[in-house]
Amino acid sequence: MHRTRLSVRMTAMLLAVAAAATFTGCRSGRTPSDGGSDASSVVSTDGRQENTTGRDGTGSRENEGTTMNEQGQTTAAADRTTSGGRQTTGTATVTRTTGSTTDDTPDANDSYAFDGDPNTLWTAPSFGTTVLTYRPKKAVTFNTVRFKERGDRIDEITVEIPDGKGGYQTVYRQDEVGIRLGVLDRTVTAAEVRVTVTSTQRPVIEDITFENASATARKEKLHIVSYLTANMTDARSNFDKLDAVTDLILFGRTSWTQSGELDFGTEGTARFERDLAEIRKAIGSRQIDLWLCIGNFAAGSDRGKLLADPADRKRLVDNCVSAAKRYDLVGIDVDYEYPADATAWDDYALFLEELGTALKKEGKLLSVALSPWGVRLSKAAIRGIDRVNIMAYDLNDGKKRHSGYKLARTSVKFFTDLGFAPSQLVLGLAFYGVSVKDPSDAFSGHPYHTYVQRYRTAVKTYTNQVGDIYFTGRDMNRDKTMLAIEQGLAGVFSWHFGCDIAYSDERSLFRAVKETADRFTK
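From a predicted model like this one, the values you see are computed outputs, not experimental measurements.

Novice: Give me the pairing of strand 10 (residues 156-162): which residues, what numbers.
Specialist: Counting buried residues in strand 10 gives six out of seven residues, a clear majority hidden from the surface. The pairing of strand 10 with strand 13 (residues 193-199) spans five bridges and is classified as antiparallel. By the bridge assignment for strand 13, Ile157 is matched with Val197. Across six bridges, the pairing between strand 10 and strand 11 (residues 168-174) is antiparallel. Paired with Val159 across the bridge in strand 11 is Tyr172.

This is the structure we're talking about:
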């Protein structure tokens, strides 16, 4: 589960060059590419080539059914009301800014950004900054904004509403859009919404809809899981987050040998037992499930022989079940990174199938940490796994973000395509940063709290990058949690428990996750 430092390079910060969003390290599916600055042809998120220039050349597929009102604003000829508490089409005006030039002339396709129709596309009149002002016929009440962008070209998007004092207040801001449901701090009602789009290429938007999302009824609570490392100093400084988690996975306490033994290190089980007692004391009466991660294979193991011998596999299965029972744990987590080849994957699948069966007989659970690439598991192994902790990080997109929103979304699809049910999946959240210029830099790979302490007020709730360090801030983790809720996942997990800032700080990542779960699940 330890994160691996990769050679990454960010070509820009929030408002810089928008390169094509192609995955460089993730083989999780199709990779949308960018055809350059000409917006007439982009590749959609599902890999289809889309013609974004309509017959009239406005960037929409059609231009029928629009008229100009007396103020020169573009108005759809007919209202379109969409489901899920979305807005009804009103009027849209556009202010275009390129350099020092401002053009207030509306375009016939401007309303397409808000019309709720997937068959109409809005194309920005130019690169740079474009401001779209949406005025519905009735005030809209919303707590989320659903974005459907084609081509992943937007560098920054800001949503504002009037502040009642002649100005505007920001209710949402992020540096990545794509296909996304953005969560606001609160529910707002506005007769006007201003959306500012910044990009160095002409972005294409299928729809922006304003929704008033309600809490989703779930059969089982949303699990908020975290890996708690063997660094108890970090753990102690973050015990204020225990109210936010439902599960803790005890990591770094053991590895496993080729012969199937659990290796707890030089102190044997003594240190683990001391840590476990301290953790349980800190938990107190809270209902938190504890797991033991058996970690990776022990140093010196012959990777070609790991899990290959049935007797060795059985010994490891028996030792895992014994540990789960002896320490009264809810289950075992396996973090094998990674089987060396197809044969090794077959052996691993057999081990997971056998371990899952044995744990279930004792009323225990099995979770597995997996990255969204190269996974080869049998149907029997998939059935035997209770949860997959998706390591949706350390895989850079075309803009060199190591744990962006698109990676979270495509990672979920990767595992559902393999045959996992959404209810088996736990989405990984990266609570650390990576240098976009030199990942081997001494300041790279540190916990989120390190960067907040260093950059202080420069880290806002919407911030994902300061200087050369890219991390996922409060709002990004809130949106990823909402993705897990909307997709019906088992929950989210963080790597790792010791990375956050004080829970009382509004920028706390655990607080963002917990508050989102409380608002949108029941």
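Novice: Tell me about the pattern of salt bridges, and please be specific about residues and values.
Specialist: For the structure shown, the criterion picks out 32 salt bridges. Linking Asp417 and Lys413 is a salt bridge whose minimum nitrogen-to-oxygen distance equals 2.7 Å. Here Lys413 and Asp417 lie together in helix 6 (residues 405-418), a separation of four residues that amounts to about one turn. Measuring nitrogen to oxygen at the nearest pair gives 2.9 Å for the salt bridge that ties Arg507 to Asp505.

Novice: Now, about the packing of helix 6 against helix 8 (residues 474-486): what can you tell me, with residues and values included?
Specialist: Where helix 6 meets helix 8, the axes come as close as 10 Å, and the angle between the chain directions of the two elements is 15°. Taken together, the axes of helix 6 and helix 8 lie roughly parallel to each other. The hand of the helix 6/helix 8 crossing is right-handed. Residue-level contacts link Tyr405, Ala408 and Arg409 of helix 6 to Met476, Asp479, Lys480 and Leu483 of helix 8. Among the residues forming the contact of helix 6 with helix 8, the class breakdown is four nonpolar, no polar and three charged.

Novice: Explain the packing of helix 3 (residues 310-326) against helix 4 (residues 342-361) residue by residue, including any values.
Specialist: Between helix 3 and helix 4, the least distance of the axes is 10 Å, while the angle of their chain directions is 40°. For helix 3 against helix 4, the interelement crossing comes out right-handed. Between helix 3 and helix 4, the residues in contact are Arg313, Leu316, Val317, Cys320, Val321 and Ala324 and Asp347, Leu350, Phe351, Glu354, Leu355, Ala358 and Leu359, respectively. Here the contact of helix 3 with helix 4 is built from residues that sort into 10 nonpolar, no polar and three charged.

Novice: Requested: an account of helix 7 (residues 448-455), with residues and values cited.
Specialist: Among the residues of helix 7, those classed as buried are Tyr448, His449, Thr450, Tyr451 and Val452. Buried residues in helix 7 make contact with strand 26 (469-470), helix 8 and helix 9 (509-520). Looking one or two residues past helix 7, Arg456 carries a phi angle of roughly 50°, positive in sign.

Novice: Which residues make up the nonpolar core, and what values go with them?
Specialist: Grouped together as the largest cluster of nonpolar side chains are 93 residues, with contacts concentrated most on Leu248, Val334, Tyr348, Phe351, Leu352, Leu355 and Leu377. The leading source of residues in this core is helix 4, at eight residues. Dropping the residues within four chain positions of it, Leu355 is found in contact with Val317, Cys320, Val321, Ile332, Val334 and Leu366. Counting 27 residues, the second-largest nonpolar core is a separate cluster that includes Ala113, Leu132, Phe147 and Ile161.

Novice: Now, about empty space enclosed by the protein: what can you tell me, with residues and values included?
Specialist: Tallied over the full model, the rule gives three cavities of 30 Å³ or more. There is about 60 Å³ of room inside the second largest cavity. Lining the second largest cavity are 12 residues, and of these Asp152, Glu176, Val177, Lys399 and Arg401 sit closest to its centre. In terms of residue class, the lining of the second largest cavity is built from three nonpolar, one polar and eight charged.

Novice: Account for the sheet that holds strand 21 (residues 365-370), with residues named and values stated.
Specialist: Spatial strand order, 15-16-19-20-21-22-23-27: eight strands in a closed barrel with parallel pairing. Each neighbouring strand pair of the sheet contributes to a mean axis angle of 25°, computed without reference to strand direction. In this structure, strand 20 (residues 331-334) lies alongside strand 21, joined through four bridges in parallel fashion. Counted as the bridge partner of Val334 is Val368 from strand 21. Running at roughly 175° to strand 23 (residues 425-430), helix 8 makes contact with strand 23 and strand 27 (491-495) of the sheet.

Rules used in this analysis
Within each chain, residues carry numbers counting from 1 in the order of the written sequence. Totals for whole chains, interfaces and linings use every residue, but because this is a predicted model, local features are given only for residues with pLDDT of at least 70 and side-chain atom pairs only at 80 or more, for both listing and counting. Computation of side-chain values: all heavy atoms of the structure, hydrogens and water removed. The cut-offs for exposure are 20% and 50% of the maximum accessible area for each residue type, with area from a 1.4 Å probe on protein chains only; residues under the lower value are buried, those over the upper are exposed, and the others partly exposed. Helix and strand assignments follow DSSP, with helices taken as H or I runs no shorter than four residues and strands as E runs no shorter than two, numbered in order from the N terminus. Strand pairing is assigned whenever DSSP detects at least two bridges linking the two strands. Note on definitions: salt bridges are taken to be side-chain nitrogens of Lys or Arg within 4 Å of carboxyl oxygens of Asp or Glu. A fitted line through C-alpha atoms serves as each axis, taken over the contacting stretch for helices, and the angle formed by two N-to-C directions is quoted from 0 to 180°. For classification purposes, an angle smaller than 35 degrees is called roughly parallel, one larger than 145 roughly antiparallel, one from 65 to 115 roughly perpendicular, and anything else oblique. The sense of a crossing depends on the near helix, which, turned anticlockwise from the far helix by less than a right angle, makes the crossing left-handed and, turned clockwise, makes it right-handed. In this description, contact between two residues means that some pair of their heavy atoms is separated by no more than 4.5 Å. Basically, the charged four are Asp, Glu, Lys and Arg, the nonpolar ten are Ala, Val, Leu, Ile, Met, Phe, Trp, Tyr, Cys and Pro, and anything else, Gly included, counts as polar. Throughout this description, the term nonpolar core refers to a set of buried Ala, Val, Leu, Ile, Met, Phe, Trp, Tyr and Cys residues connected via side-chain atoms within 4.5 Å. In this analysis the probe radius is 1.4 Å and the grid spacing 1 Å, with only protein atoms considered; a cavity is a set of points the probe fits into but cannot get out of, a pocket is an open set with protein on both sides within 12 Å along at least five of seven lines, and lining residues have an atom within 4 Å of a point. Grid points are joined across faces, edges and corners, and a volume is the space filled by probe spheres set on the points.

Purely spatial values, then, with no claim about function.
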